Every structure is written in structure tokens, then in C-alpha cells.
Amino acid sequence: MKGVDSSPADPEGMTNKPIITCAGDWNLFCTLEAPLVAAIPQDSCEWRRSYGRPPKSVYLEASFLKFNKDKVQSELNLLKRPIFHIYWTDCVDVEYYKTTLREDIELWLKQLEKTGITDWMIVLVETYDIRKTNKLLPRTTVLDRIKGDFAVKQTEDRFLSVINPIKSEARSAESWRALVAKVRHFILVAYNKALIKFEEYMREQREKRNDPEWDFCKYFILQEQLAFVLEMLGLYEEALVQYDELDALFSQFVLNSNVTESPKWLDTFKQPVTAWQAVKLTALVPQHLRDLIIKKKASLLDFRSYLFQRQSAMLLLMFKPVEIASRCITVVHNTLMELSLLGVSAVEGAAACWALLACAETLRAVDRLAATNNALDMCTPVQAPLLHNAKDKLHELGKLCGLLPGSPDPSSEQLHLVVMLSAGMGDSEPNNQQPTPTDRLKEALCSKTSFQQYYLELAEMAMGTYKHIGRLRFARLIGRDLASFYSELGETGKAVVFLMDALRSYEEQGWRDLAAQTRLELVAAAHKMNDMDRYTKLSATIACTAELEILVRNFYFEEMLKCIKEKLSDKQDTVLAELNDCFKLVSATLIPSERGVYITDNKVQCRLLLECNLPKEVTCTRTAISIEPCKEDRNESGKRTPVKCYKTDLTVNGSVSTQTNSPRKSTSDVVESELSNIVSSIRLDDLKPKNLLLNPLQITSQLHYKEDKTLQKATVECQNPKATLKRSDSTKYRKPSTTTRSNYQNSFHRDEFKLKPGLNEIDLEFISNKCGTFMLGQVSVIVEGKLEFLSNALIGTKMGFEVVTQGISVYLNKVDPKKDLVAGLEHAMELVVTSGSSHIEENATIDLKTSAGLQIGLAEKGSPMTRELSIPIPACKPFETTRVPLKLFANLQARPEKSIEHTVVVRCPWRAGAEEVRLQWARPLAPAWRLLTAHARKFVHVALRGAPPPARAPPLALAAPALACRGAALADLNPPATRHMVVSPDGTTVSFMWELLKDPLVKAEPLKATFTVEYRPLDTDEPYRTFSCPFDIQDYMTLFVIRTKVEPSKGSDFCRASQVCCLHLSVQRVNETEYTSLMYEVLADQTMWAVLGRTAGVITMESSSGSPADVCLDVMPLAAGYLPLPTVRLSKYIAANTKDPKKDISAHPRLEPFSPGQVYHAGKAKQVHVLPPAPKEHIDPSL
Amino acid sequence: MLASGRHQDIFVDSVYTTMAVCVAVIGKDNSPLYIGGIGNDTSTDNELSRQWLVHTALDALEERLTTTNNNTSGSNSNTTRTDMRDLYLGLLYSTDTHKIYGYVTNTRIKLVLVTSSTSPSGSNIRDAEVRTALRRLHALYADAICNPFHLPGDQITSQKFDKQVKNLMLNNV
């Protein structure tokens, strides 16, 4: 504040201080004036005010005048009017007082009274007299006399004696302080009174404002007095309020003038503006402007300048630079508006000049003020709009005066305008080192270069300041202005930088109209720079911008085509552009292969749904999607390339489809899971982050009850509000960095077709010569051969596909899969060779080798059956099948197993190693033979049975059964008609019988017999095949005959149950044998027979005698009826050999069985009739 | 000549009742959800220029929001938000020709209203009027997004909303 005050006094400035008149001893006062003037502002005084206004602490100053009774000011002039009156005297002599002084005072008071002044004071200046103080009784002093004469109750304190400080400084301090305090106090009291009166008057005047005769200027000067007084009292804030009230009043008048009839006084402000000097922001009152207002000659600009300067002065005094700056903008805007509302005529550009100067001056003032108080940071936010406005105004002026770059040289009218404008700005301040804003502006208007310099300075500063305070949008707006400026200047490169920056921000935040507009500017810049790449790209984008007019779009579409044709045709590379600018990738779908999997060297198709935003049809040279091998899969691919080369499958009908899953099984689980993530179809819309607000809210309703079970409240609660209220990610709009072109060596593509506006369905093709997993990469659309649009990589979408190699497969198939392979019959089979995805070369052969017992041959008639076969395979294209018919024959051997297993070893030229094919053959015939005995006669029984049910052998017709036996004659007991004998797989048995005619004299050597029979499938004309079954016959001579008989015990006629009977056993030797010691065992059925006593025994047959050995055993039938006789088993009894332990290890006797044919049991089928037990003779009488 | 003169009359007429020349609803990510403007398009005053006004207003609006958030004790700016719950932010900034007012909902949807200071009715507008207009706009917005088929965050394409907003701007609700 001091700084402001101490500024050199402007001659125009007013120094307003409360005026105090002095009457009485003027010479006396003159000695006291200097200390008094210095003392009053030294301390503050509390100003208590009426109307409940808050008390203020006020510093006062004062200026003193000699009282002049003729020069009495109106009480409505607050400034010029003395506010306080003091009568000075140093009279100590009562007599003198009585004679002259009293009259003088009386006169003075009367004069005051006449003008209604009550604010006065009488000061008696005393010289300090040490003697006086010693007096015990104070004498009546002059002051007492004065008091006695003039004082009434209210004015008692207006009489004061003070010890002259000039004469005795030390003693006077106290009384002097009291005087100064009194003076301050009474000044304030006086002001209070005066202001109340004044405000009343002012209000009165204001109420008359709608009078036709009312004059704003007069009122302004009136109310301004109040402001001056308040300023004088240091109440700058309240002074500002006065100005603000005036401002508002004026503004309202101007605004209303448009709606209602405007008052007469307003015409003053409608006068043409002739001067537009810069506002001067100092604490001083711009007197010349004030004079103009008083004289009612102020133009609107003058008035506004004055008002703003005064308001700023208050703010400067209050040290509020921020407020000044922010008010400046409002004032400038309002003033410009008022100029137009009032229709004030002025030189074109005058208003802009004024506004620019106001802004610049404000900036200067704010800078100056802030710099002294380190408040620059605080001011920056308000400086930016000022700079912005100044820049805009300068541009406006530049346009008017033809100073903008790119405009022709200023015309004479424009030069004249410059002169006019410069004149209106007035002369610049003298002796100023730094050029004032007025100087700068004048200079700028003089030449294009200086204009350009000033404009760029302002613009850069405005932009920098905006950036500094974080108002990036404003900064970009200025950036656009700068861009157009630079563009006109020919520095298009600089312009492009600004425009690109702006474009990016508009796009990021979804301001599409603004982005479109900026693009139009960019395209013009590109055209100017002859940057054909950029021009073409931007033309394409503009052509696709839906926000723009179709005419504009069509124009740029044609421009794009023209540019491609004319400017880009000689270029080697394509021009890369962003796909999203012109197209929208709606979806991409891999079309499933007919075979279920994608196979190498085969087409893989991808359907792309592309929305084209271009306004017209365009030729697409190529649309492609790059393909990138899946990295994780690369290691696996080596393992997987030789996919199982072939497979033999006999259980199923050998269709290819069973193979499809096989390659997957060979890969590890890791890859499996990786592969399972691959998607084959995407809609690009699905990739957008999900709108959180669309998720269902977890909301529960709850009922709360009071203790008495009445409902207290019902609430609805959101369980997890954070998830829903989370701020959306700002990355949503972030564009990925510039796309680089992927490798399109492997790609889905389609060439040369028309892209229509709107949705296009494009089928792209790719033929893979490698197998593995591939991911879809980037989409490229080349338009007209030169303009290539690239999408972001689709890699993130995990869209991909798997290509496999399908190897050659070889199958050995049955022709009729329902039939089982049956040994002994010829079977038709075929070798099926499927080429898979590879070619089969010429001269390829497949070698087959069979196991023993299996023969193979080509199906043609007459081709030999061998165990090794080499089959030539004709040359084959992919996915062709060659079938080679074969016949196979497995020997039918008489073995007990139900089926026979044979193997075929297949050896293929395209694969090292061999593959074994196992073939199961069923037996159609199961032979069984038995030796049957009838006493000494022997019969051979051969039975042939069909294969049991699981085997599906055909029924066989049998013919020419024969049994050959060396060393023995045979008698054929079979009926001659054996032609129609059939063995079918349902278990039918065919039996044959021969009698073995043995010469009893010949020693019974083992016999070798062979049974042969001819067979063929029933109802066919196939030649009969011979089935032979060799077998040995041993120990077939009957040695012993056993006879058994059961007789009733002695005394009984019949066998009765539960009665002991006698079992007669007789063993007779019928042939020579070395076995003489025999053991018999009775093996009775224990339900029918009980053997009493011994059941076994040893008998010795004398080799010489032929008489039978008889044994009798007691048995008891347990049941009645015809009971079969107990069976008897005869075994060889070999007694314990005690004599020669070497010969026989066993020290115990042992049994050896006879062969079945050696013992003939004559009573085998015999039965005995057993009667029920005899009835009881006596019955117990007690029952 | 005659025709253009007539047109001018009609324009002046409409301007008399017009309170706002542009109204914008801006999402919390600062992308425009709705921009509606009335008034005739001249070279300096057209829909695009108003969009720029609205766009730059976001800077001032965000600034206002951060300062109010930081100064819990109350801001010291000249447009103090006396009540922290007051959604009306007052005058954001002004240009030679326009004044831009702001309003922010609790879900950070920004409502911007642009008045023309060159038109008599626009220049004479009171703060309270703007406040009511923006409050009404808030209500209209709330009604519009109550449509179950409206996705939050999408642009508002409702014709009814558009009509209501235009009426609001013409001050004949």
C-alpha cells in the first residue's frame, strides 16, 4: 500500500483528505500544524457507525484550512466541504478572554451554527508552567471559563487544553495524544453524521432515476463522492461497493434501453467514440475522464475506462490482482456488448483496440502488483483468459488492417484505418523505458512483421499459460488459431503439429464434430504442403465421416481417387492408414472345414464382415488378414508333422472320420489348453469393455423390526456399490500406437472386388502348407491399389485355427464287415489306401507278408495265393482312395482253440518300419472223437460240431467222410447218404462211426488214425475242401470185464430199502495183461446206496487162469425203486516195493487208472428193483 | 432483399424469447452425450462454434470441480458455491458474444448452458434463471435416461428430450 501511495503524484490526481478549518489564533496553529498533520495518521481509530454497520478501524489524515465564514460549502459536497472546525487559542489571561476572545468564539460558533455545523472543537494551548502544578488549589482557568460560557451537556468534551509540544515536548505527550485522539474521534463522528445525511440524499436521487430529467452522470459524480470519502478513510472495499453499484446501475440501464425506451441521458453515451486510450491502472483518479463525465461529454468507452480504473484502483489498494484481472475480462465483454447495444458508432476496430489495450494494461498492472508480492502463481489462472482475449482482439485488428499473413498488402483504406486507430489510442506515456501496450499495439499495426511478432507472442503466451494452469482444451483452441495463422504464414508444418494435437484430443473424448472440422483443416494443410500421402489418407477419412455433409464427403472421396490415380501411382509402397477411420470390422469368422479340421495344402476360409463408411463403391485391390504362427505351438509342430501315417482299423468300417481326433492326442495337455482357448469367430463389438452400468446390481431388500415386532423400516441395499460406482477407465479412448504393417506373407486374402458402402461380406482364403496353430493378426484393406488400411492386431482376440497334415492311411478291411473271418474258407478283403492330404507317387507298392497258415492273393481269378504279396498302388492325388481287393485264406487245423490269430505285416514305402495287422479267424468245425467199447469190440466215433455262437461262420455242407487207420481194419458203419450233411454255427453236431476190427492176436500197438471230410459253404458251388483231423488210438484192447449184481440177503425174496443186500462183483480177464494186482472200489451214490463194511479191496488175477474173481459186498439200498447198481472202479494196484527202493521211490502202494477202453463194465446200465421197506409187524400200543 | 429482411425479423423475434443458444449434456468421461443449439447459423455463430464453446467450458468446469473438492472449507473464487451440495456451478467463462454456465450432477454428468450476450434476452439473463433452467435440464436428462432402452454413456437420441430441451432454450416451457 505504501508503494502505491508513494508513487509520484499525478497532476490530475486528487489528494483527498478530510478538511479541517482552523479559527482563532492562526499563527499559533501554524506552529502546531506540522506535528498535528503527522500525528493524526499515526494511529488508527475505531469508527463506530450507525445502522448496525460493523465498526471499522480507520487511519485518518487531515488537511487544515483557515476558517472562512464566506466560503461555506454545501453539505452535499463531501469532498470540498470542511468536515471539522477547530478554534485555537493560547490565551491564559482570563481578562483577555473576557474582553476579546469570548466575543470571537461566540462569533465563530454563531457562524458555524448558521450553517448547521455541530462538529467543532476549541483547543486551548497552554505552555507548561512548573509553578502552576505546585499550586494546591487550581485557579479558574480560561478553559473553565470557555466551558462555562459555551458548553452544554453534549458538547462538554469539545473543549480541550493541550500543552504546547513545541515549547516543552517532554511534558506535553499525554495531553497531545489526547488532542490527536479527540481530533480523530470527532472527525469520524462528523463523517458519520455527514455520510448519513449524504446517503439519504443519494438514495433520494437514485429513486428519481426513472425521471426523464434524471441524469446518470450527475448521480455518478454524487455517489462517487461517497466512494472518495470511503477511499479517503481507507475503506477501499466499501468504496469499491459504491463503484460496483454504479456499474450495475449503468449496466442495467443499458440493457433495459434495448427493451424499453432509453432515457435521455443515455444519449450522451451513444455519441461516437473518438478516443480509445488504454486504461491506466493506478491508484490515481483519471481526472480528465472524470471531467468528461462531469461535462457529460464522456463516451461509453471513456466512462467504462474511468469506472474500471477506479474499481481497479480500489482493488490495487486492497492488493487483489486476481480480482482486477478477472474483472477486466467481464468489463471488456460487457463494454463491447454495450457498444453494440447502444449502437455507438466508432471506427471499426476501435473497440478491439480498446479491449486489447485494456487486457494488456491489466496484465501489466497485475504483473507489476503481483511481482512485488510474490503472487504471480496466483495470478496465472486469470492471466490466461486476458492473453486469450488480447490475442483474439489483435487478430481482429490484423484482419481489419490487412496485416494477417496471406492477405494482400494493406489497401489505402486499411492504412488510413491504422492511422485512425493509432490516433485514437492517444499519445503514449512519456519517459517510459519499457514500451507500453499502446506502443506495442501501435507498432504492431504498422507492419506485418511486427504484427506477426506481437500476435505470436500473445498466442504462445496464452497457450503456455493455459497449459500451465491445466486448461488444455483452451490451449488447443489457441493451438488451432495458431495453426491457421501458421498455415497462412506458409509454415504448414507447424500448423499440422497443432492440428494433430487437437484432433487427437477431440477423438479421444468423442467430440466427433470437432474432430471432423479439424480434419478438414488438416486436409487443407496437407494439400498445401503437397503431402499426398497424408492428403489421400485424410480425404479417405473425411469421406467416411458421417458427421459431415454428403457433398463434402463426396468431394473428398473423388479427391482421394484422383490423388491415388495421379499422385500415388508411381509409388512403390502403399500408403498406410488406420482401418478404423474408414471401416468398421464387424466380425470375422472362420468357416469350418468340410472335413472338420483344416488340412495342409487346403483352403481355409475366413468370412470378414466389414462396414465400409465410404460414400461410394470402391475397388478393393486386396483384403487380407495376416496369419501368425502360434508361438507355443512351434515346438510341438515338429513332433506332430508326421501324423500317424496310416492306421489299420478292422473293428469299424474304416471311415476316415475316426482319425480326426488322433493328432490331438499326441500333443501335450499344455498345448491342448492353449488350443482350446482359440476362438474361431469374433464380433468386434464383444471386445469392447463391458459397460459396468449394465451389470445387474446386487440389491437386497431388508425389513427392520422394532423390539415390539412392528416394522421400523424397509431398506433396499446395494451389496457392492464400489464395483458399480467405479470410475470408468480412461484408457477406453486411448488409441493404440501407430500400426505397423504385419507380415502378409501368410495371409487370408481376396483380390479385386468392389467394396460397397455399408456392410460387406468378404470371404478370404488361405492355403496353408505347414501344419500348426495359427493366430489371426492384422486386417489390411487395400483400396485402389495404393491406399492400405491396417487394423489393430487381432492377436489379442485369440482368434486362430489349427492346420494339420493328414497322412496316408492304409486299412485292411473286410469287404463284408458283418462276417467274421473263418479259417478254412477264402475271404475277400481289401486294402484301402487313403492319400490324406498328400500325394502318392507313381510306382509305390505296399508289401504284405502273412504269418504261417495264412495265405494272401489278389482277388483276380487265378492269381496265386502266397504268403508274401507286393501290391502296386496307383498314383493318387490328395483325398483319393484306392481300394485293392484281396483274398485271404487261413488253414483250418484241428486244434482245440476256438479262434486262430494270424498277422499281416504291412510295409509301406513312405514310412520306415512295418505295421502288424492282427487278424482273428474263427474255426467253423470242431472235431471230437471217442473210442467206444462193447465187450471186446471197438468202435471209433467222430463228431463234428459247428463253431459256437460268437463266431459267425457260414453253415458248411460236408461230404465224403473217411477214417484211415494204419495197422487196423475199419468197418464203415455210416449210412451211405452223407451228401446233405450240414454243420451250422448253431451247434449242430454231425457224427460218424467206424468199427475197429482188431486182430486179437496182434499185439495192441497204438494206432494212428486220420479223419478226413470234405466241406464247402452250403449252397455254393465252391470246390470242396478237405478237412483232416489226425488222432492216435492207444490202449484200446479190453483187458477186464466187470460184472455186478445185487441180490437180496439170504431169507429175503426181494431187495428192500433199508435192508442189507449183497453186491456180487466179478472181474474177468479177457485178454493178456501184465497187470494182475487190481483194486476195486465201490463208488455208490450215497443217496441210494450205503456200503456196509469195506468198499474197496485188492484182488489178484492169476495170469494163467481165465476164471473170474468174485467178491461179495454188503450194501443197503436207501430208497425204493429201480436203482442203478453202484459203480465199481477198477485200478491197477501197485504194491509197495520194499525190496528195491531204487526202482520205486514210493514206499506205499499206489493205484494207476486203466484207459477207458481197457476195462469193460458189463453192469453199467443195470438196475435193481428195490421194494419199499417191509411194513412194521407191530405198532407201539402206547401210541 | 425483402425475404431476408423478413427472416431477420423472425430471428429477432425468436431471440427475444431465447434464453440459451446451446445446451449440452456431457458424460463423465467428457464426451458429449447431447448437444442442442438454436439460433441461425452465421459465419461466426454456428453450431460448430458453440460446440467449441462447450468443449472449452469443460476446462473451466473441471477446474471448478477440483477447486471445490480441494477446498472443503469453501472456495475463495468469486462464484462461491455456498452450498456444497449445490450442483449449479455458475458462470464458467464468457466470451465477447457468449456466456457459458455449468452444472454438474452427482454422477458427474456435466450440463452446460450457453447464452448469447449479443441478444437482448440473453444478455439480460439473471443467474437465478440460469440456475432454474439447468435444474430443469437436469430433470429432463434424468427422465431421458430413465428409458430402459437407453444405455448409460450412450448419446441421447430421444426426440422428446430434444424437443423439451429446445423448448427450455426458448424459455417457453
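These notes cover the structure that comes with them. Position numbers for residues start from 1 in each chain and track the written sequence from start to end. Here every chain gets a letter starting at A, and every ligand a number starting at 1, in the order they are written. Owing to the predicted nature of the model, reporting of local features is limited to residues with pLDDT of at least 70; listing and counting of side-chain atom pairs is limited to 80 or more, with chain, interface and lining totals taken over all residues. Hydrogens and water molecules were not included; the side-chain quantities draw on all heavy atoms of the structure.

**As for the overall build of chain B**
No. 1: Helix numbering and strand numbering both begin at the N terminus, where a helix is a DSSP run of H or I of at least 4 residues and a strand a DSSP run of E of at least 2. The secondary structure content of chain B amounts to 5 helices and 5 strands.
No. 2: When the helices and strands of chain B are listed from N to C terminus, the series reads α-β-β-α-β-β-β-α-α-α.
No. 3: Expressed as a percentage of contacts within chain B between residues at least 6 apart in sequence, the contacts between residues at least 24 apart total 60%.
No. 4: For chain B, the exposed area adds up to about 8,500 Å²; of that, 52% sits on carbon and sulfur atoms. Throughout, a contact is declared for two residues whenever any of their heavy atoms are within 4.5 Å. Shrake-Rupley sampling with a 1.4 Å probe provides the accessible areas, and residues are treated as covered by the protein chains on show and by no other component.

**Examining the state of the cysteines**
Residues and elements named next belong to chain A.
No. 1: By disulfide we mean two sulfur atoms from cysteines, separated by a distance within 2.5 Å. Tallied over the entire structure, the rule returns 1 disulfide over all chains.
No. 2: Each sulfur of the disulfide joining Cys1062 and Cys1112 lies 2.1 Å from the other. On the criterion of sequence distance, the pair formed by Cys1062 in strand S39 (residues 1061–1069) and Cys1112 in strand S43 (residues 1109–1117) is long-range, its members being 50 residues apart.
No. 3: Residue Cys1062 is classed as buried on the basis of its relative accessible area, which comes to 12%.
No. 4: Taking relative accessible area as the criterion, Cys1112 reaches 40% and is therefore assigned partly exposed.
No. 5: Free cysteine: Cys328, not disulfide-bonded; nearest cysteine sulfur from Cys359 at 4.4 Å.
No. 6: The exposure class of Cys328 is buried, given its relative accessible area of 0%. Throughout this description, buried means an accessible area under 20% of the type-specific maximum (1.4 Å probe, protein chains only), exposed means over 50%, and partly exposed covers the range between.

**Comments concerning the sheet that holds strand S1 (residues 19–24) of chain A**
Residues and elements named next belong to chain A.
No. 1: When DSSP finds two or more bridges between two strands, those strands count as paired. As summarised here, the arrangement of the 5 strands in space is S4-S1-S5-S6-S7, forming an open sheet in which the pairing is parallel. Strands with a single pairing partner mark the edges of an open sheet, and in this sheet they are strand S4 (63–66) and strand S7 (159–163). Going across the sheet, the axis of each strand differs from the next one's by a mean of 30°, ignoring polarity.
No. 2: Throughout, an axis means a line fitted to C-alpha atoms (over the contacting stretch in the case of helices), and angles, computed between N-to-C directions, take values from 0 to 180 degrees. Where helix H2 (residues 26–39) meets the sheet, its contacts fall on S1, S4, strand S5 (84–89) and strand S6 (120–126), and the angle it forms with S4 comes to roughly 170°.
No. 3: This element, helix H5 (residues 142–150), spans S6 and S7 of the sheet and lies at about 165° to S7.

**Let's talk about the pairing of strand S15 (residues 711–718) of chain A**
Residue and element names in this part refer to chain A.
No. 1: In the sheet, strand S14 (residues 699–705) pairs with S15 via 7 bridges, with the strands oriented antiparallel. Note that in S15 the partner of Gln702 across the bridge is Thr715.
No. 2: The turn linking S14 back onto S15 is made up of 5 residues, and Lys709 within it adopts a positive phi angle of 70°.

**Structural notes on the sheet that holds strand S26 (residues 881–890) of chain A**
Residues and elements named next belong to chain A.
No. 1: Read from one edge to the other, the open sheet built from 4 strands follows the order S21-S22-S26-S24, with strand pairing classed as antiparallel. Whereas interior strands pair on both sides, the edge strands pair on one side only; in this sheet they are strand S21 (809–814) and strand S24 (854–858). Ignoring which end each strand starts from, the neighbouring axes of this sheet average 30° apart.
No. 2: Bridge count between S21 and strand S22 (residues 826–834): 6 bridges; the pairing is antiparallel. Directly across from Asn813, in S22, lies its bridge partner Glu830.

**Observations concerning helix H4 (residues 127–145) of chain B**
Residue pairs three or four apart in sequence face the same way in an α-helix, which turns once every 3.6 residues.
All names here are of chain B.
No. 1: Given a helix with a known number of residues, its expected span is that number minus one, times 1.5 Å. When the terminal C-alpha atoms of H4 are compared, their 27 Å separation across 19 residues agrees well with the 27 Å that a helix rising 1.5 Å per residue should span.
No. 2: Residues of H4 that are buried include every one of Val130, Ala133, Leu134, Leu137, Leu140, Tyr141 and Ala144, and no others. One side of H4 carries all its buried residues, which in axial view fall inside an arc of 115°. Away from its buried face by more than 90 degrees, H4 exposes Ala128 and Asp143.
No. 3: Buried residues along H4 sit against strand S1 (22–26), strand S2 (32–37), strand S3 (88–94), strand S4 (98–104), strand S5 (110–116) and helix H5 (159–170). In this description, the arc belongs to the directions extending from the helix axis to the C-beta atoms.

**Details of helix H15 (residues 437–446) of chain A**
Residue and element names in this part refer to chain A.
No. 1: Residues Pro437, Thr438, Leu441, Lys442, Ala444 and Leu445 constitute the buried set of H15. All buried residues of H15 fall inside an arc of 160° around its axis, so they share one side.
No. 2: Its buried side turned inward, H15 meets helix H12 (350–372), helix H13 (376–400), helix H14 (412–424) and helix H16 (448–468).

**Digging into the pattern of salt bridges**
Residue and element names in this part refer to chain A.
No. 1: Criterion for a salt bridge: a side-chain nitrogen of Lys or Arg within 4 Å of a carboxyl oxygen of Asp or Glu. In this structure the tally under the stated criterion is 40 salt bridges over all chains.
No. 2: Between Asp392 and Lys391 there is a salt bridge whose closest N-O contact spans 3.1 Å.
No. 3: A salt bridge links Glu995 to Arg937; the nearest nitrogen and oxygen atoms lie 2.7 Å apart. Separated by 58 residues along the polypeptide, Glu995 in strand S34 (residues 989–997) and Arg937 in strand S30 (residues 937–946) bring together distant segments of the chain.
No. 4: On the accessibility criterion, Glu995 (9% relative accessible area) is buried.
No. 5: Several salt bridges share partner residues, and in doing so they unite Glu224, Glu231, Arg290 and Arg310 into one network.

**Quick look at the interface of chain A and chain B**
No. 1: Between chain A and chain B, the contact holds 35 residues from the first and 31 residues from the second.
No. 2: Buried area: the accessible area, evaluated with a 1.4 Å probe, that two parts lose upon being put together, summed over both parts. Summed over both partners, the interface of chain A with chain B buries about 3,100 Å², with 54% contributed by carbon and sulfur atoms.
No. 3: Between Lys393 of chain A and Asp96 of chain B there is a salt bridge, and its shortest N-O distance comes to 2.0 Å.
No. 4: Throughout this description, a polar contact denotes any pair of N or O atoms lying within 3.5 Å of each other; where both atoms belong to protein, one of them has to be capable of donating a hydrogen while the other can accept it, and for residues adjacent in sequence the pair is counted only when both atoms sit in side chains. The tally of links between chain A and chain B comes to 11 residue pairs in polar contact (both at pLDDT 80 or more).
No. 5: At the level of elements, helix H8 (236–259), helix H11 (321–342), H13, helix H17 (472–489) and helix H19 (512–529) of chain A are the ones that each hand at least two residues to the side of chain A that touches chain B.
No. 6: Gly is put with the polar residues, along with every residue not named as nonpolar or charged; the nonpolar set is Ala, Val, Leu, Ile, Met, Phe, Trp, Tyr, Cys and Pro, and the charged set is Asp, Glu, Lys and Arg. Taken together, the residues of the side of chain A that touches chain B sort by class into 14 nonpolar, 12 polar and 9 charged.

**Some words on the nonpolar core**
Residue and element names in this part refer to chain A.
No. 1: Trp88, Phe583, Phe748 and Phe801 are the most contacted members of the largest nonpolar core, which has 243 residues in total.
No. 2: Per-element tally for this core: the top contributor is H12, with 15 residues.
No. 3: Grouping buried Ala, Val, Leu, Ile, Met, Phe, Trp, Tyr and Cys residues that are joined through side-chain atoms within 4.5 Å yields what is termed a nonpolar core. Of all hydrophobic cores here, the second largest spans 58 residues; its members include Leu831, Val942, Leu963 and Val990.

**Overview of the packing of helix H10 (residues 300–318) of chain A against H11 of chain A**
Any two packed helices are characterised by how steeply their axes cross, that is the angle between the axes, and by the distance between the axes.
Residues and elements named next belong to chain A.
No. 1: The contact between H10 and H11 brings their axes to 11 Å, and the two run at 165°. As summarised for this structure, H10 and H11 are arranged roughly antiparallel, according to the angle between their axes. The element H10 and its partner H11 pack so that their crossing is right-handed. On H11, the residues touching Leu300, Leu301, Arg304, Phe308, Gln311, Ser312, Leu315 and Leu316 of H10 are Glu323, Ile324, Arg327, Cys328, Val331, Thr335, Glu338, Leu339 and Leu342.
No. 2: Taken together, the residues that form the contact of H10 with H11 break down as 10 nonpolar, 3 polar and 4 charged. Any angle that falls under 35 degrees is termed roughly parallel, while one over 145 is termed roughly antiparallel, one within 65 to 115 roughly perpendicular, and all others oblique. Definitions for this section: a left-handed crossing has its near helix turned counterclockwise from the far helix by less than a right angle. A right-handed crossing has that turn clockwise.

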